[in-house]
Amino acid sequence: MQTTATSTQDVSMPADLESPRAKLVYLYLSSYGRCPADRLCTDLDLSKSTVLSITGTLRKRGHLERTDDGFELART
């Protein structure tokens, strides 16, 4: 028997995100929640410098928060 996952979560992409990688990080965090930078690197196959650059930009724009455990989407 084949099952398909359904999600009722509505993820709205911020209009100011143009970079495909920034969108990828945003969507990943919207799906998986809080995540350390190392896991983002591994799961998304991105270098640490790329992840830190993207998360820094997302934080400056108010889309992301840094926690003791990593990064998560900002609560609005």
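Model, not experiment: these values are computed from the prediction.

Conventions we followed
Residues numbered from 1 in each chain as written. Predicted model: local features only at pLDDT ≥ 70, side-chain atom pairs only at ≥ 80, totals over all residues. Heavy atoms only, no water. Helix = DSSP H or I, 4+ residues; strand = E, 2+ residues; numbered from the N terminus. Buried < 20%, exposed > 50% of the residue type's maximum accessible area, 1.4 Å probe, protein only. Contact = heavy atoms within 4.5 Å. Areas by Shrake-Rupley, 256 points an atom, 1.4 Å probe, with all protein chains shown as cover. Expected span 1.5 Å × (residues − 1). Arc of directions from axis to C-beta. Disulfide = S-S within 2.5 Å.

Draft legend 1. Structural detail: the overall build of the protein chain. Tallying secondary structure elements over the protein chain gives three helices and two strands in all. Here the protein chain, with 76 residues, has 33% of them falling under the buried criterion. In the protein chain, the proportion of contacts linking residues at least 24 apart, taken out of those at least 6 apart, comes to 40%. If you sum the accessible surface of the protein chain, you get close to 5,400 Å²; carbon and sulfur atoms cover 45% of it.

Draft legend 2. Molecular detail of helix H3 (residues 48–60). The end-to-end C-alpha distance of H3 is 18 Å, a good match for the 18 Å that 13 residues give at a rise of 1.5 Å each. Those residues of H3 that fall on the buried side of the exposure criterion are Thr50, Val51, Ile54, Thr55 and Leu58. Buried residues of H3 fall within an arc of 120° about the axis and therefore sit on the same side. Facing away from the buried surface of H3 by more than 90 degrees, the exposed residues are Ser49 and Lys60. The inward-facing, buried residues of H3 contact helix H1 (20–32), helix H2 (37–44), strand S1 (64–67) and strand S2 (70–73). Phi turns positive, to about 85°, at Gly62, one or two residues after H3.

Draft legend 3. The state of the cysteines, seen in detail. Enumeration over the complete set of coordinates arrives at zero disulfides. For the unlinked cysteine Cys35, the closest cysteine sulfur is that of Cys41, found at 9.1 Å. Note on Cys41: relative accessible area 12%, which makes it buried.

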